[in-house]
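# Chain and residue survey
Okay, here's what each chain looks like letter by letter:
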Amino acid sequence: MTNQNVMVSESKPTIGVKITVTLSNSSLFSKHITISRKKVLKKLDNEGGPKVHAWVDSMRDSSPTRVKSTDSLSETEEQSSWIAHHPSALDKFEEIVNASKGKKIVMFLDYDGTLAPIVEDPDRAFMTNEMREAVRDVAGYFPTAIVTGRCRDKVFSFVKLAGLYYAASHGMDIEGPSKSRKYKKGNQGVLFQPASEFLPMIDEVYKTLLEKTKSIPGAKVENNKFCLSVHFRCVDEKSWGTLAEEVRLVLNEYPKLKLTQGRKVLEIRPTIKWDKGRALEFLLEALGYANSKDVVPVYIGDDRTDEDAFKVLRNREQGFGILVSKVPKDTNASYSLQEPSEVNEFLRRLVDWKRSSLRQQ
Ligand SMILES: O=P(O)(O)OC[C@H]1O[C@H](O[C@H]2O[C@H](CO)[C@@H](O)[C@H](O)[C@H]2O)[C@H](O)[C@@H](O)[C@@H]1O
């Protein structure tokens, strides 16, 4: 088995022709009551219900939403203006470490698109050995958490590092370092699963979605334990409406579940008030830094779901949010890095800086 996979770029997709729909969903369905479900879905692909249209429009956007082009600015001007507001964390490295002097850095790292490049097959999103070494070294100096939409077992099978915190399933499954107990306060284990009661429901919806989407070529449903991912990266854009409608029909039966979106993925999760931002706060508290002025949380992520964590940092006026993106995106992060290789370089520089400051003491 090789570690190779098809890397994908997310250039701005072509926007299809928009058709304004005046029919409500119910009238659409009553009008076609005698035709088959497949035909109704096919029709939705062509005409679409308002909700599905909104979903499909949003599916076309990158995640987080790409900054929309304006007539007054060229793409290059837009890029420069965005970079001025979200400078490279590598270019501003000194600024970041100077602000962290004498304080405790806590690292929060998203997985897909941050530690590993985005690839077509979610089961083959491997991180490089260089990245693994950098994360291991960072975790040797700073408490470090992987904060991901993946389930814990899956992300651990990619990262393979025991000395870390894992906040999996969008923070709904939090576990402390399995071997090193170095960062645990008073030897208390950290384990938090705020959505346990949803497990049977998530499992049921997983099975239903597998069945409902099996005829859509390229669609993939991933069970992330406390949440689900419906991938459309490999689905022909013409079928996005069909897929979205299938998901909507299933979700209609489960009012306690909600839909969010990531990078070419529809994510289904419990309606509880819990996200990556809350997970970050939970971990800071578990580490004893809830009200500390001496902590510098650094959160690196690439996805819409990471925005909840960036927002928390902004509201706390503490630490740094770093968005991984090559293109301008609407974000609450303060800094940017272009891709996982730059994340690797940033982590390495952080380790080197820490080592040299320890040598000088
Ligand atoms: O929070 P994250 O660690 O960023 O996880 C978010 C989702 O990541 C994965 O999907 C994304 O990466 C895949 C592999 O590169 C890619 O094929 C897919 O299009 C992306 O959306 C993961 O498979 C999902 O379950 C996570 O929710």
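Everything quoted here is computed from the prediction, not taken from an experiment.

## Remarks on the overall build of the chain
Looking only at helices and strands, the chain features twelve helices and twelve strands. Within the chain, the proportion of its 361 residues that are buried is 41%. Restricting the contact set of the chain to residue pairs at least 6 apart, pairs at least 24 apart contribute 62%.

## Re unusual backbone geometry
Unlike most non-glycine residues, Lys 160 shows phi in positive territory, near 55 degrees. Along the polypeptide, Lys 160 turns up in the loop between helix 7 (152-159) and strand 3 (165-168). On the basis of neighbour counts, which here come to 11 C-beta atoms within 10 Å, the residue Lys 160 falls in the exposed class. Positive phi values are uncommon outside glycine, yet Ser 169 reaches one of about 45 degrees. By the secondary structure assignment, Ser 169 is in the loop between strand 3 and strand 4 (173-175). In this structure Ser 169 comes out as buried when scored by C-beta crowding, with 27 C-beta atoms within 10 Å.

## Here's the deal with the site of the ligand
Surveying the vicinity of the ligand reveals 24 residues, the closest of which are Tyr 111, Asp 112, Pro 122, Thr 148 and Gly 149. Of all the elements in the fold, those that place two or more residues in the shell around the ligand are strand 7 (228-231) and strand 9 (265-270).

## Focus on the sheet that holds strand 1 (residues 104-109)
Strand order in this open sheet of eight strands is 5-4-3-2-1-10-11-12, and the pairing throughout is mixed. Because the sheet does not close on itself, it has two edges, and the strands there are strand 5 (191-192) and strand 12 (335-337). Sheet topology note: the strand 1/strand 10 (residues 295-301) ladder contains six bridges and is parallel. Opposite Leu 109, over in strand 10, you have Ile 300 as the bridge partner. In the packing of helix 11 (residues 307-316) onto the sheet, the strands contacted are strand 1, strand 2 (144-147), strand 10 and strand 11 (320-324), and the crossing angle to strand 10 comes to about 155 degrees.

Conventions used here
- Within every chain, residues take consecutive numbers counted from 1 along the sequence as written.
- Only residues with pLDDT of at least 70 are given local features in this predicted model, and only at 80 or more are side-chain atom pairs given and counted; all residues enter the totals for whole chains, interfaces and linings.
- Secondary structure elements are defined from DSSP: runs of H or I of at least 4 residues count as helices, runs of E of at least 2 residues count as strands, and each element is numbered from the N terminus.
- Counting other C-beta atoms within 10 Å of its own, a residue is labelled buried from 20 upward, exposed at 12 or fewer, and partly exposed in the gap between, with every C-beta atom placed from the backbone.
- Residues are treated as contacting if the C-beta atoms built from their backbones sit within 7 Å of each other.
- Working rule for contacts: place C-beta from the backbone, and if it is within 6 Å of a molecule or strand, that residue counts as near it.
- Two strands are counted as paired when DSSP detects at least two bridges linking them.
- Axes, fitted as lines to C-alpha atoms, cover a helix only where it is in contact. Angles between the N-to-C directions of the axes lie from 0 to 180 degrees.

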